[in-house]
Amino acid sequence: MTVTLEDLPIRDDLRGQKPYGAPQVPLPIALNVNENTHPIPAEVAEDIADSVARVITDLNRYPDREFTELRESFAEYLGHGLSADQIWAANGSNEVLQHILQAFAGPGRTAFGFAPTYSMYSLLVRGVGSTWIAGTRGSRFELSPEDAARQVRGADPDVVFLCSPNNPTGTPVSLDVVEAVYEASRGIVIVDEAYHEFASADTPSALTLLDGRERLVVSRTMSKAFAFAGARVGYLAADPAVIDALRLVRLPYHLSAVTQAAAVAALRHSETMLRTVADIVEQRDRISATLAALGYDPYESGSNFVLFGGVADPQATWRRLCDEGVLIRDVGIPGHLRVSAGTEEETTAFLDALARIRDE
């Protein structure tokens, strides 16, 4: 007899839920999960390989539980006067966020975000037994300080998520929104800056607001700008007391020696690793301009992707692009699709395929 999930004694609040995941289709042009499609430069890859090789002989021993060198490297990279005791890291930014929720959410507590936003937030929240509350955005997915604060006061959550810039819409979030939400809340406020490196150069980070705000957390990832998605390294900056709270819930030795060595090596070459950012931003802006010329409605983006509306049948368009060898993302917003900015060649392939479909 075949057993299904419903036959198992799974938690009641998880019944009927679907796991996170974009379709994995082996197509030549994959622009659906906001990866940095540029490969790691050869000289950096060589240093990473050498660094990993040096720790392999000690894999019989547990890694540094406090990943001290990595935290020091992140503090140096972020700047803003941060020290290692204000830094935390884990296996991707999702685990970083999970640690926060394990420490500050849990059964009987609530977490709040402005929909549409990163779909993993609600899944992580439900995973720790908390209740997810979805707020609303403006007609162009924007947030104003006044409305954001009003919604947070009304919901009174234990944790607030602010995705800046927002995924899947690309919408920038101003610091006055962050300040207003923080003042309106009593709990932890997470500013998820996974795509911050792709914002305009004059866009200030929420890291500038950390001083004196012990409930504020700013999370980042190496998956996007650093082209390090396969390594699974996320990190955050916060008050040292928040870091102490995260130690209470993390698994022992949660960051392997291999992961630590690879990440420290990559951070040594941060300037080289981030050289592709300008190219990606150029392609992002090219996508937006061409989409508008084709009659679609691209939204302002401070990330490495573009959400565009004006799609009469998103599922049909998505399938036709697949037929053309191009994979993008249907994020579930009616009349919209999302595409990641890739290399010049990948971007051209997407735009040419979409133009052909549009002309049919």
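The rules behind each value
- Residue positions are given per chain, counting from 1 as you read along its sequence in written order.
- Under the rules for a predicted model, residues below a pLDDT of 70 receive no local features and side-chain atom pairs below 80 are neither given nor counted, while totals for whole chains, interfaces and linings still include all residues.
- Excluded from the side-chain calculations are hydrogens and water; all other atoms, namely the structure's heavy atoms, are used.
- UniProt positions are given in the numbering used here, feature names are shortened, and annotations may be inferred rather than shown by experiment.
- Numbered from the N terminus, helices here are DSSP runs of H or I no shorter than four residues, and strands are runs of E no shorter than two.
- It only takes one pair of heavy atoms within 4.5 Å for two residues to be counted as in contact.
- Any two strands are treated as partners once DSSP identifies two or more bridges connecting them.
- When accessible area is computed with a 1.4 Å probe and restricted to protein chains, residues below 20% of their type maximum are described as buried, those above 50% as exposed, and intermediate ones as partly exposed.
- Note that the arc is defined by the directions from the helix axis to the C-beta atoms.
- The patch calculation keeps residues exceeding 30% relative accessible area without a salt bridge and links them within 9 Å when they carry like charges or within 5 Å when they are nonpolar (Val, Leu, Ile, Met, Phe, Trp, Tyr).
- Each accessible area is a Shrake-Rupley estimate made with a 1.4 Å probe; only the visible protein chains count as cover when residues are assessed.
- Throughout this description, the term salt bridge denotes a Lys or Arg side-chain nitrogen within 4 Å of a carboxyl oxygen of Asp or Glu.
- The charge count includes Lys and Arg as positive and Asp and Glu as negative, but it does not include His or the ends of the chains.
- The atom standing in for a charge is NZ when the residue is Lys, CZ when it is Arg, CG when it is Asp and CD when it is Glu.
- Lines are fitted to the C-alpha atoms to define the axes, a helix being fitted only along its stretch in contact, and any angle between axes, read from their N-to-C directions, falls within 0 to 180 degrees.
- In a left-handed crossing the near helix is turned counterclockwise from the far helix by less than a right angle, and in a right-handed crossing that turn is clockwise.
- Residues are grouped as follows: Ala, Val, Leu, Ile, Met, Phe, Trp, Tyr, Cys and Pro are nonpolar; Asp, Glu, Lys and Arg are charged; every other residue, Gly included, is polar.
- Each cavity reported here is a set of points on a 1 Å grid over the protein atoms alone in which a 1.4 Å probe fits but cannot get out, each pocket an open set with protein on both sides within 12 Å along at least five of seven lines, and each lining residue one with an atom within 4 Å of a point.
- Grid points are joined across faces, edges and corners, and a volume is the space filled by probe spheres set on the points.

- In the annotation of an unreviewed UniProt entry, the protein is listed under the name Histidinol-phosphate aminotransferase and assigned to Microbacterium nanhaiense.
- The UniProt entry for the protein carries this comment under Subunit (unreviewed entry): "Homodimer."
- Word for word, the UniProt comment on the protein under Cofactor (unreviewed entry) is "pyridoxal 5'-phosphate".

**A few points about the side chain of T317**
Then comes step 1: Along the polypeptide, T317 turns up in helix α11 (residues 314-323).
Then comes step 2: Contacts of T317, omitting those with residues within four sequence positions, involve V311, L337, L354 and I357.

**Re the sheet that holds strand β9 (residues 297-298)**
Then comes step 1: With antiparallel pairing, the three strands of this open sheet are ordered in space as β9-β10-β12. Two strands in the sheet have a free side with no partner beyond their single neighbour: β9 and β12 (337-340).
Then comes step 2: Bridge count between strand β10 (residues 305-309) and β12: four bridges; the pairing is antiparallel. When the bridges of β12 are listed, V306 appears paired with V339.

**Focus: α11**
Then comes step 1: For α11, every residue scored as buried is listed here: P314, T317, W318, L321 and C322. Looking straight down α11, one finds its buried side chains confined to an arc of 145°; they lie on one side. Opposite the buried face of α11, at more than 90 degrees from it, the exposed residues are R319 and D323.
Then comes step 2: Its buried side turned inward, α11 meets β11 (326-327), β12 and α12 (344-359).
Then comes step 3: Downstream of α11 by one or two residues, G325 has phi in the positive range, about 85°.

**Quick word on a negative patch on the surface**
Then comes step 1: Together, D279, E282, E344 and E345 make up a negatively charged patch on the protein surface.
Then comes step 2: Positionally, E345 belongs in helix α12.
Then comes step 3: With a relative accessible area of 57%, E345 lands in the exposed category.

**With respect to the pattern of salt bridges**
Then comes step 1: The tally for this structure, following the rule as stated, stands at 20 salt bridges.
Then comes step 2: Of the charged contacts, one joins E66 and R65 as a salt bridge, the two residues approaching to 4.0 Å between their closest N and O atoms.
Then comes step 3: Owing to a relative accessible area of 18%, E66 belongs among the buried residues under this scheme.
Then comes step 4: Between R356 and E324 there is a salt bridge whose closest N-O contact spans 2.8 Å. In this pair, R356 sits in helix α12 while E324 sits in the loop between α11 and β11, placing the two residues 32 residues apart along the sequence.
Then comes step 5: Classification of R356 as partly exposed rests on a relative accessible area of 41%.

**Remarks on the side chain of Q86**
Then comes step 1: Note that Q86 resides in the loop between α2 (68-78) and β2 (87-90).
Then comes step 2: Using a relative accessible area of 17% as the deciding quantity, one classes Q86 as buried.
Then comes step 3: Leave out the neighbours within four places in its chain, and Q86 touches G81, L236, A237, A238, P240 and I243.

**Quick look at the sheet that holds strand β5 (residues 159-163)**
Then comes step 1: In space, the seven strands of this open sheet follow the order β2-β8-β7-β6-β5-β3-β4, with mixed pairing throughout. With one partner strand each, in any of the chains shown, β2 and β4 (131-135) form the two edges of the open sheet. Each adjacent strand pair in this sheet contributes to an overall mean axis angle of 25°, direction not counted.
Then comes step 2: The strands touched by helix α4 (residues 120-127) are β3 (110-114), β4, β5 and β6 (188-192); relative to β4, the strand with the most contacts, the crossing angle is about 155°.

**Description of the packing of helix α1 (residues 42-56) against helix α8 (residues 257-268)**
Then comes step 1: With their axes 8 Å apart at the nearest point, α1 and α8 run at an angle of 150° to one another. The crossing of α1 and α8 is right-handed. Contacts between α1 and α8 pair D47, I48, S51, V52, R54 and V55 from the former with A257, V258, A261, A262, A265, A266 and R268 from the latter.
Then comes step 2: Taken together, the residues that form the contact of α1 with α8 break down as nine nonpolar, one polar and three charged.

**Observations regarding the UniProt feature "modified residue: N6-(pyridoxal phosphate)lysine" (unreviewed entry) in the protein**
Then comes step 1: Here, the residues flagged by UniProt with the feature "modified residue: N6-(pyridoxal phosphate)lysine" (unreviewed entry) are K224.
Then comes step 2: Counting through the fold element by element, K224 comes out in the loop between β7 (216-221) and β8 (234-238).
Then comes step 3: Setting aside chain neighbours within four positions, we find K224 in contact with V33, N34, N36, A194, Y195 and F198.

**Regarding the layout of surface pockets**
Then comes step 1: Estimates place the volume of the largest pocket at around 1,100 Å³.
Then comes step 2: Every residue lining the largest pocket is counted, 40 residues in all, and those nearest its centre are Y20, Y118, S119, N167 and R329.
Then comes step 3: Put simply, the parts of the chain that give the lining of the largest pocket at least two residues each are α3 (92-104), α4 and β4.
Then comes step 4: If one sorts the elements of the lining of the largest pocket by residue count, α4 sits on top with three residues.
Then comes step 5: Looking at the lining of the largest pocket residue by residue, the classes come out as 18 nonpolar, 13 polar and nine charged.

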